[in-house]
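Observations on the model geometry
What follows is the residue order along each chain.
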Amino acid sequence: MRALPRPARMVLPSLKLPELIQEIRGAKTQAQEREVIQKECAHIRAAFREGDAPQRHRQLAKLLYVHMLGYPAHFGQMECLKLIASPRFTDKRVGYLGAMLLLDERQDAHLLITNSIKNDLSQGTQPVQGLALCTLSTMGSAEMCRDLANEVERLLLRPSPYIRKKAVLAAVHMIRKVPELSDIFLPPCTQLLRERHHGILIGTITLITELCERSPAALPHFRQVVPQLVQILRILVMSGYSAEHSVAGISDPFLQVKILRLLRILGRNHEESSEAMNDMLAQVATNTDTSRNAGNAVLYETVLTIVDIPSASGLRVLAVNILGRFLLNSDKNIRYVALTSLLQLVQSDHSAVQRHRPTVVECLKDPDASLSRRALELSLALVNSSNIRSMTQELQGFLESCPADLRADCASGILLAAERFAPTKRWHIDTIMQVLTTAGAHVRDDAVANLTQLIGGAEELHAYSVCQLYNALAADISQQPLVQVAAWCIGEYGDLLLSGSCEEAEPLQVQEEEVLTLLEKVLQSHLSLPATRGYALTALMKLSTRIQGDNNRIRQIVSIYGSCLDIELQQRAVEYNALFRKYDHMRPAILEKMPLVEHGGPQDDEAGEGKEEPWNPNRESQSPTKTPTANLLDLLDLLNGASGDAQPPPALDLTPGGSLLHLLDLPSTTPSLAPIPGLKVFDREGLQINLSFVRPPEIPALLLITATASNTSKSDVTHFVCQAAVPKSFQLQLQIPSGDTVPAQGGPPITQVLRVLNPNKAPLRMRLKLTYNHFGQSVQEIFEVKDFPPDTWQ
Amino acid sequence: MQFMLLFSRQGKLRLQKWYVPLSDKEKKKITRELVQTVLARKPKMCSFLEWRDLKIVYKRYASLYFCCAIEDQDNELITLEIIHRYVELLDKYFGSVCELDIIFNFEKAYFILDEFLLGGEVQETSKKNVLKAIEQADLLQENQNEDWGGLSDDIL
C-alpha cells in the first residue's frame, strides 16, 4: 500500500541550531525572516508536544535564539522546567539559561523551579550548584529567596571556593529582595573576610556593603573590620605583579575598588574609622600608577572616598588636585568623571577647586557635548568677584560657538553672574548687551526688564546706553530682546541720543529722521514680535516730545496703526491719536521721562510689560514696586489686571478716551509719603512671602500691595500661583506675576502687584491661597492675613 | 549593574543580561531606545552618558557594542574594566573572538558571563579561574554519561 503523500509543510525537516541561524541571517527581508522563524517555531512546538526528551535542549536553544531576535517564546517556559529537572548536565545548562531568559517573577511558572533549585543546591555536583546559584541570583523572586535562604546559608561555609563565592553573591541578591534575610547573612561575614580567595573576598565585601547600605544598625558592627579591610588593601597595593590578578600593573583593581567603596561607607561621619584609613588612602592616592584606566579607576574611587569621609584637609586638597590632574588627561572618560566630581565638590571645597579654574575653562572647548556641558556648569559655579571679568570673557566666547541646547543655560548663567558680581554698572550694561546680541533668542523673559531697570537706574549712563543700543539696533533688528530694550531706551532718552552728548563712546551724530526711520523699520519688520512693535510704537510716541522737528511723521504712523489688525497695537495707536488730537496740551507731561526708581538689590526680578504703577509725574519714587517699562497702555488700563482674585472686577468704562480722561481728572499734588511698614505673611521651609504697601495720595481708596515670594531653601519652588480674596466691601485686582518659579538658594523672587480699592476705609483683611511645588511635593496653603498696618486702610 | 546588552552596529541584539525584573515589553522598549541612543553617538564622544536615571557605560569592540547600565554610586571607570575583562575572556575562549562567534555560540557567551558576574556583581577576578570553570563544564557536557559522578571539590 502506498503511503499517503505528506503535506508539503511536514516535509521540511527541523533545522539544527547553526543551520537555523544561518537561514535567518540569509533572509533578505523582515518578512522572509519571519517566515523562516515561524516555520521553525512550529517544529519546536510540535517537538515540545511530542515530549522528545533527548532533543529537548536543542529545541529550547533554538527558541532562545529567536527570542533574542524579539519573537515570542513563552511556550518554552514549561520546557525550561523539564530540562532543569533532568539529571543530565546539558539539559540543566540550557534549562537554567532558559529560565533566566524566559521566566521572571511576574510569571506564576517561576515558582515551580524553586524545588529543582533546592534539590540541585543540596545534592548537585559543583557545576550544577553553580547553575542553580546563578539562576537564583539573576531572577529569584522574594518568595524563592525566602524558601532557599537556608540552603544558600549552608553553602557559604562549604569548603569549595567555587561554590562559596557564588553563594555569597546569591546572599546579596536575597537581601536585596528580602531585607529581613540580613539577619541570616550578617554573622558569616566576619569569617568570610579572612578568606584569601579573591572571588570570595570580593563577594564578601559586596555583601557587607549591601548590609551596611540597607541597615544603619549594621554599621557599628562592621566598623570593627576597618583595620582588616585596610590590611587587605595594603597587601594588594604592596604586592608585586600577579599573573592571575594584575590588570595593567594594578593588583586586582576590581577588589581594590570594592574595598575603597566599603571604606567610604564605614568612614562616613565617623572620625575614628576615618582616621584608621587615612594613611592607606593617602598611600593609594600617591602610589597608584595612572598610565592606564585600571589605575585611574582605583584612584577615582579613592578620591570619592577621601572627600566623603572626614579627612585631614591636606588629604582633601590632594584629592581635589588628583581630579585637577584628571582634567588634563587625554582620555576623555577620565575628564568626564573629573568634571562630574568637581561639580559635586565646588561648594564644599571651593578654594581647592578654584585652583583648577583655568583647566576647567579649557574644557569648555571640548567637542563632546556632555563634557562641555559639565564644564559650563562648573565654570559658572566658579565665578566670583575677583575673576568675573575674565570668566565672563571666556563664557561669552563659549556662548558664541556652543551647541544650541547649551545656549540658554550659558546665557542665563552669564546674566546671573553679571548680576551678582558686576564691577561697574557700565560693565554690567555692556555684558547684558553682548549676551543679547549673541544669543538674544535664548535669554529668559526677564532679561529685558532687568536691562531696562538697570539702565533706568544708572542716570550717568543714559547717554552711553542709548548710543550703544542705537548702534546695535541699527546693525541688527532681529534679536527681539535687544530690539525691545533699544526701542525703550531710544524712546526714553532720545533727546540724549540726538544731542550727541555721550562722552564715553565715540561721538555719534544721529539725525532725527534716521531715528524715526529705524523705529519705523522695527515697527514694520516681520521679524518683530507683537510686543516688540508695541515698544517701538510707544518709543515713537515719546519721541514726539523729544525731537525738535515737527511731529507729522509720527502722527502719520500713529494714525496708520489705528487700524492695525493687532488689537494691542491698534488700541495703543488709537489712544496716542487721541493724545495728539484732544489732549495735545497734556502730551508733554504724560510722556515725560520715567522717574528714577530705587534699585531694590540684585535679587529683584520682574516680568517685562505686565507691571504697572499708579502713574503720577510729580510723585517721588519711594514706591518699592519697580516698573522699568512705562507702557502707557498698561497705565491707562488701570483696573484691567490679571485674573486670580475671588472678587469679580467691577464693570469698567473701557473706551480709550474715557479711561485716559479718568486718569487725567485726578488732581496732582506733591506728596509726602511716609513709607508703610511691610508685612511678612508666610514662611515655610525657606519660602517666604512678604507684602509691601503703597498708598498713592491722589487716590485715597487705592492700596497697592506688592507680594514678593523669595526662597532660601535648597530646592526650587515651581508652579507658584498666588490667589487672593477680600471682604465684599473691597475691590481687588491681581496683576500678572513676574513668574512662577523661585530658584533655590536666594534665587530671583517672584513679585506680584495686588490693587485693593477700599472706598469705605474698612479694616483690611485678605485671604491668600498659595499653590506650588517644593521639594518634589505639591503644596497648597490657605490662610488669612489680618494684621495689616493701619496706614494701609485708614 | 542593572543590565548588559551586546548589539551590532545595525542594532541587532546579540546578548541581553538583565539583573532587574522587568516585563518583556519594558525590556524591548529600553533596548530599542538605548540602542538608538548609543548608535547615534559620534566616535569621539566619551563612553559615558546619562539616560533616564541610570548611568550608561558603553564601548565598541570591532562590530559589537558592549553596553552596561549602572547605578548612581557605581564607578564608571571600573565598569569599563569589567567590559574589557569580559571581552578578554571571550577572546581567550574562542581564540580571537569576532561577532560571528557570539552569534553562533550565544549560549557559551552567556555561560562565560555567568562565571564572571553573578547577580550583577563581579564574582571572580581571576581570568584563569573563570576559564577553568567553563572548561570543566564543557567537559562535563561532552561526557554526557550519567556514569560520571560528581567532580572532586578541589578542581575549582
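Residues numbered from 1 in each chain as written. Chains lettered and ligands numbered in written order. Predicted model: local features only at pLDDT ≥ 70, side-chain atom pairs only at ≥ 80, totals over all residues. Heavy atoms only, no water.

1. Notes on the overall build of chain B
On a plain count of helices and strands, chain B comes out with five helices and seven strands. In sequence order, chain B lays out its α and β elements as β-β-α-β-β-β-α-α-α-β-β-α. In terms of overall dimensions, chain B is globule-like: its C-alpha atoms have a radius of gyration of 17 Å, near the 15 Å expected for 156 residues. By principal-axis analysis of the C-alpha atoms, chain B measures approximately 55 × 30 × 30 Å. In chain B, the share of contacts with a sequence separation of at least 24, taken over all contacts with a separation of at least 6, comes to 46%. Distance between charge centres in chain B, computed from 22 positive and 26 negative side chains, equals 11 Å. (Helix = DSSP H or I, 4+ residues; strand = E, 2+ residues; numbered from the N terminus. Rg over C-alpha atoms; globule rule 2.2 N^0.38 Å. Contact = heavy atoms within 4.5 Å. Lys, Arg positive; Asp, Glu negative; His and termini not counted. Charge placed at Lys NZ, Arg CZ, Asp CG, Glu CD.)

2. Examining the overall build of chain A
A tally of helices and strands in chain A yields 36 helices and 10 strands. Across the 794 residues of chain A, 56% fall into the buried class. Considering only contacts in chain A between residues 6 or more positions apart, those separated by 24 or more positions represent 68%. If you sum the accessible surface of chain A, you get close to 34,500 Å²; carbon and sulfur atoms cover 51% of it. (Buried < 20%, exposed > 50% of the residue type's maximum accessible area, 1.4 Å probe, protein only. Areas by Shrake-Rupley, 256 points an atom, 1.4 Å probe, with all protein chains shown as cover.)

3. Description of the UniProt feature "domain: AP complex mu/sigma subunit" (unreviewed entry) in chain B
The feature "domain: AP complex mu/sigma subunit" (unreviewed entry), as given by UniProt, occupies residues 1-140 of chain B in the numbering adopted here. End-to-end, the C-alpha atoms of residues 1-140 of chain B are 30 Å apart, and along that stretch the chain is 47% helix and 25% strand. (UniProt positions renumbered as here; feature names shortened; annotations may be inferred.)

4. A few points about the domain arrangement of chain A
Here chain A is described as being made up of domain 1 (459-591) and domain 2 (676-792). Averaged C-alpha coordinates put domain 1 of chain A and domain 2 of chain A at centres separated by 35 Å. (Domains from an automatic or database assignment.)

5. Quick look at the environment of V448(A)
Of note, V448(A) is situated in helix 27 (residues 446-457). Residues within four places of V448(A) in sequence aside, it is in contact with P481(A), Q484(A), V485(A) and Y535(A).

6. Brief notes about the interface of chain A and chain B
Each partner contributes to the interface: chain A provides 70 residues, whereas chain B provides 67 residues. Among the residues of chain A in contact with chain B, M68(A), R93(A) and F254(A) are the three that bury the most area, contributing 13% of the side total. Viewed at the interface, chain B and chain A are joined by eight salt bridges. Between chain A and chain B we count 22 residue pairs in polar contact (both at pLDDT 80 or more) in total. The greatest single-element share of the side of chain A that touches chain B, amounting to eight residues, is contributed by helix 10 (residues 161-177) of chain A. Across the side of chain A that touches chain B, the residue classes break down as 31 nonpolar, 18 polar and 21 charged. (Buried area = accessible area lost by both parts, 1.4 Å probe. Salt bridge = Lys/Arg side-chain N within 4 Å of Asp/Glu carboxyl O. Polar contact = N/O pair within 3.5 Å; in protein donor to acceptor, adjacent residues only side chain to side chain. Nonpolar A, V, L, I, M, F, W, Y, C, P; charged D, E, K, R; others polar.)

7. Quick word on the sheet that holds strand 6 (residues 717-725) of chain A
All names here are of chain A. Read across the sheet, three strands follow the order 6-9-10 without closing on themselves; strand pairing throughout is antiparallel. The open sheet terminates on both sides in strands that have one partner only, identified here as strand 6 and strand 10 (777-785). On average, each strand axis in the sheet is inclined to that of its neighbour by 15°, with strand direction left out of account. Relative to strand 9 (residues 766-774), strand 6 runs antiparallel, the two being bridged by seven bridges. Looking across to strand 9, one finds that V717 is bridged to H774. (Pairing = 2+ DSSP bridges. Axes fitted to C-alpha atoms, helices over the stretch in contact; angles between N-to-C directions.)

8. Some points on the packing of aromatic side chains
By the definition in use, this model includes 13 aromatic pairs over all chains. Pairing F682(A) with F783(A) gives two aromatic rings, centres 5.5 Å apart and planes at 10°, and the pair type is stacked. Of this pair, F682(A) sits in strand 3 (residues 679-684) while F783(A) sits in strand 10, and the two are 101 residues apart along the sequence. F783(A) shares its class with F682(A); the two are buried. Where Y61(B) meets F66(B), the ring centres are 5.5 Å apart and the plane angle is 80°; that geometry is what we call edge-to-face. For the residue pair Y61(B) and F66(B), the accessibility class agrees, reading buried in each case. Aromatic rings pair up to connect Y61(B), F66(B) and Y86(B) into one cluster. (Phe/Tyr/Trp six-rings, centres within 6.5 Å; stacked < 30°, edge-to-face > 60°.)

9. Quick word on helix 10 of chain A
All names here are of chain A. With 17 residues, helix 10 ought to run about 24 Å at 1.5 Å a step, and its terminal C-alpha atoms sit 24 Å apart, in line with that. Burial within helix 10 is extensive, with 14 of its 17 residues counted as buried. For helix 10, the N-terminal cap is S160; the gap from its side-chain oxygen to the backbone nitrogen of Y162 is 3.2 Å. (Expected span 1.5 Å × (residues − 1).)

10. With respect to the pattern of salt bridges
Residues and elements named next belong to chain A. Across all of its chains, the model carries 43 salt bridges over all chains by this definition. We note a salt bridge from R268 to D308, for which the minimum N-O separation is 2.8 Å. With R268 in the loop between helix 16 (253-267) and helix 17 (271-287) and D308 in helix 18 (residues 293-308), this residue pair connects regions lying 40 residues apart in the sequence. We classify D308 as partly exposed; its relative accessible area is 30%. Residue K365 pairs with E362 through a salt bridge whose shortest N-O separation is 3.1 Å.

11. Describing the sheet that holds strand 4 (residues 54-61) of chain B
All names here are of chain B. Taking strand neighbours across the sheet as the criterion, the five strands line up as 2-1-5-4-3 in an open arrangement whose pairing is antiparallel. A strand with exactly one partner marks an edge of an open sheet, and here the two such strands are strand 2 (13-18) and strand 3 (48-51). Here the strands of the sheet are splayed against their neighbours by 20° on average, with no regard to which way each runs. Where strand 1 (residues 3-8) and strand 2 come together, five bridges link them in antiparallel fashion. From the neighbouring strand, F3 faces strand 2, where its bridge partner is W18.

12. Concerning helix 27 of chain A
All names here are of chain A. Helix length check: helix 27, at 12 residues, gives a terminal C-alpha distance of 16 Å against a target of 16 Å (1.5 Å per residue), a fit within 8%. Among the 12 residues that make up helix 27, 11 are buried, leaving the element largely enclosed by the rest of the structure. By the burial criterion, the buried members of helix 27 are D446, A447, V448, A449, N450, L451, T452, Q453, L454, I455 and G456. Along its buried surface, helix 27 packs onto helix 25 (404-421), helix 26 (425-439), helix 28 (462-475), helix 29 (480-499) and helix 31 (530-543).

13. What about the pairing of strand 3 of chain B?
Taken together, the four bridges between strand 3 of chain B and strand 4 of chain B define a ladder with antiparallel strand orientation. If you follow L49(B) over to strand 4 of chain B, its bridge partner there is I56(B).

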